[in-house]
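Structural characterization, general
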Amino acid sequence: MSDRHTVDGILDNISMSLPSKPEYVSVARLTASAIANQMGFNIEEIEDIKIALSEASSNAIRYSCQDVFQVSFVIKRDSLCILIEDKGKGFVQAECREPKIGEAEEGGLGRFIIRSLMDEVQFDTEPGQGTLVRMLKRLEGDK
Amino acid sequence: MELQMEVINRQEHAREEVVLEGEIDLANAPVLKEKLQAYVDMHGNSDLYLNLKNLSYIDSTGLGVLVGIYKQHRANGKKVFILEPKDNVRKLFRITNLDVIFDLEGKSE
């Protein structure tokens, strides 16, 4: 893939619109797995990507109150950037309590897990403005 | 892969183990909760041994179910043991520090 002519280093851009239904979390996850595998990520990195995308997709399905959400994969030679976007309710980040890790909490772990597994993570959201999660994983050889 | 739950009798350890197989995410976490709750309702006075050797994937929705079960057991003075988790599953327990509250047993792969 590295020999191709690129714009801003982007080799490919894949987008899909998924119904906001729990059964489609696995579809997003399997798509990410196939793309990451093709790019040369190792098994542990692929698992990290699958879980992070699964968490972000689950949040979109549970909290956006919209019929669909979008997932985009931006493939570069040295990284995979995944964008998860919904046009839903959004939220006030400052009011989003961080989980007390290790204290047996049943919810609220999703964002913490995403931050733990990906190299760069950004949440853009405001009430009524939807939510965009941008998460990036660099290929091991390029870190 | 669909979630499967099976109870096996480990006579060498004189205990029952609940074996989970497949993947747990938002789609089937409610099913896991229902099945585990039914088992716990019948065996609530014993420690719970969850064998995860055939569980290939779990995310925070699945962990949330396990934490809920753990809380019930803790309230009854009982423990929940996590047996033989795969490396990717063990990693999730570790980064969320849930390996501290659960008793994780078995070698990593």
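As the structure is a computational prediction, the values presented were derived from the model and not from experiment.

Each side of the interface is counted separately: chain A has 26 residues, and chain B has 23 residues. Taking both sides of the interface into account, the surface hidden between chain A and chain B amounts to around 2,000 Å²; carbon and sulfur atoms contribute 61%. In this assembly, chain A and chain B are joined by four salt bridges. Of the charged contacts, one joins B:E23 and A:R29 as a salt bridge, the two residues approaching to 2.8 Å between their closest N and O atoms. For the pair chain A and chain B, the number of links is eight residue pairs in polar contact (both at pLDDT 80 or more). At the level of elements, helix 1 (25-39), helix 2 (43-63) and helix 3 (110-117) of chain A are the ones that each hand at least two residues to the side of chain A that touches chain B. Among the elements that take part in the side of chain A that touches chain B, helix 2 of chain A stands out by supplying ten residues, more than any other. For the side of chain A that touches chain B, the per-class residue count stands at ten nonpolar, six polar and ten charged.

Our focus in this paragraph is the packing of aromatic side chains. Residue and element names in this part refer to chain B. In the structure shown here, the tally under the stated rule is three aromatic pairs over all chains. Residues Y49 and F81 carry aromatic rings whose centres are separated by 4.7 Å and whose planes lie at 5° to one another, so their mutual orientation is stacked. Remark: F81 occurs in strand 4 (residues 80-83) and Y49 occurs in strand 3 (residues 48-58); sequence separation between them is 32 residues. Judged by relative accessible area, which is 16%, Y49 ranks as buried. Assessed through its relative accessible area of 11%, F81 is described here as buried. Among the aromatic side chains, those forming a connected cluster through ring pairs are Y70, F93 and F102.

Below, the discussion takes up the environment of A:E140. On the secondary structure map, A:E140 appears in the segment after strand 5 (131-138). Since its relative accessible area comes to 46%, A:E140 is described here as partly exposed.

Two side chains that carry opposite charge are able to pair once their charged atoms sit near each other. Tallied over the entire structure, the rule returns twelve salt bridges over all chains. The salt bridge involving B:D25 is made with A:R29; its shortest N-O contact spans 2.8 Å. Of this pair, B:D25 sits in the loop between strand 2 (15-24) and helix 1 (29-43) while A:R29 sits in helix 1, on two different chains. Accessibility expressed as a relative area gives 4% for B:D25, which makes it buried.

Within the largest apolar cluster, 34 residues are counted, with the highest numbers of intra-cluster contacts made by B:L50, B:F93 and B:F102. Mapped by element, the contributors of at least two residues to this core are helix 3 of chain A together with strand 2, helix 1, strand 3, helix 2 (60-75), strand 4, helix 3 (87-95) and helix 4 (98-101) of chain B. Setting aside anything within four residues of it in sequence, one finds B:L50 in contact with B:V18, B:L20, B:L36, B:L66, B:V80, B:F81, B:I82 and B:L83. By size, the runner-up hydrophobic cluster in this structure holds 31 residues, among which are A:A28, A:A32, A:I61 and A:M118.

This paragraph deals with helix 2 of chain B. One turn of the α-helix equals 3.6 residues, which is why residues spaced by three or four share an orientation. Residue and element names in this part refer to chain B. Over its 16 residues, helix 2 extends 22 Å from the first C-alpha to the last, a length consistent with the 22 Å expected when each residue adds 1.5 Å. By the criterion of burial, helix 2 is predominantly enclosed, with twelve of the 16 residues buried. Within the span of helix 2, buried status applies to S60, T61, G62, L63, G64, V65, L66, V67, G68, I69, Y70 and H73. Positioned one or two residues after helix 2, G77 has a phi angle of 75°, which is positive.

Residues and elements named next belong to chain B. Along the chain, the position of A14 falls in the loop between strand 1 (4-10) and strand 2. With a relative accessible area of 71%, A14 lands in the exposed category. Separated by eleven residues in the primary sequence, A14 and L3 have C-alpha atoms spaced 26 Å apart.

All names here are of chain A. The sheet contact formed by strand 1 (residues 10-19) and strand 2 (residues 68-76) spans nine bridges and is antiparallel. In the sheet register, I10 faces strand 2, and the bridge partner there is K76. Bridge count for strand 2 against strand 3 (residues 79-86) is six bridges, and the pairing is antiparallel. Considered in strand 3, the bridge of I75 is made with L80. Between strand 2 and strand 3, which pair antiparallel one after the other, the connecting turn spans two residues.

The rules behind each value
- Residues numbered from 1 in each chain as written.
- Chains lettered and ligands numbered in written order.
- Predicted model: local features only at pLDDT ≥ 70, side-chain atom pairs only at ≥ 80, totals over all residues.
- Heavy atoms only, no water.
- Contact = heavy atoms within 4.5 Å.
- Buried area = accessible area lost by both parts, 1.4 Å probe.
- Salt bridge = Lys/Arg side-chain N within 4 Å of Asp/Glu carboxyl O.
- Polar contact = N/O pair within 3.5 Å; in protein donor to acceptor, adjacent residues only side chain to side chain.
- Helix = DSSP H or I, 4+ residues; strand = E, 2+ residues; numbered from the N terminus.
- Nonpolar A, V, L, I, M, F, W, Y, C, P; charged D, E, K, R; others polar.
- Phe/Tyr/Trp six-rings, centres within 6.5 Å; stacked < 30°, edge-to-face > 60°.
- Buried < 20%, exposed > 50% of the residue type's maximum accessible area, 1.4 Å probe, protein only.
- Core = buried A, V, L, I, M, F, W, Y, C linked by side-chain atoms within 4.5 Å.
- Expected span 1.5 Å × (residues − 1).
- Pairing = 2+ DSSP bridges.

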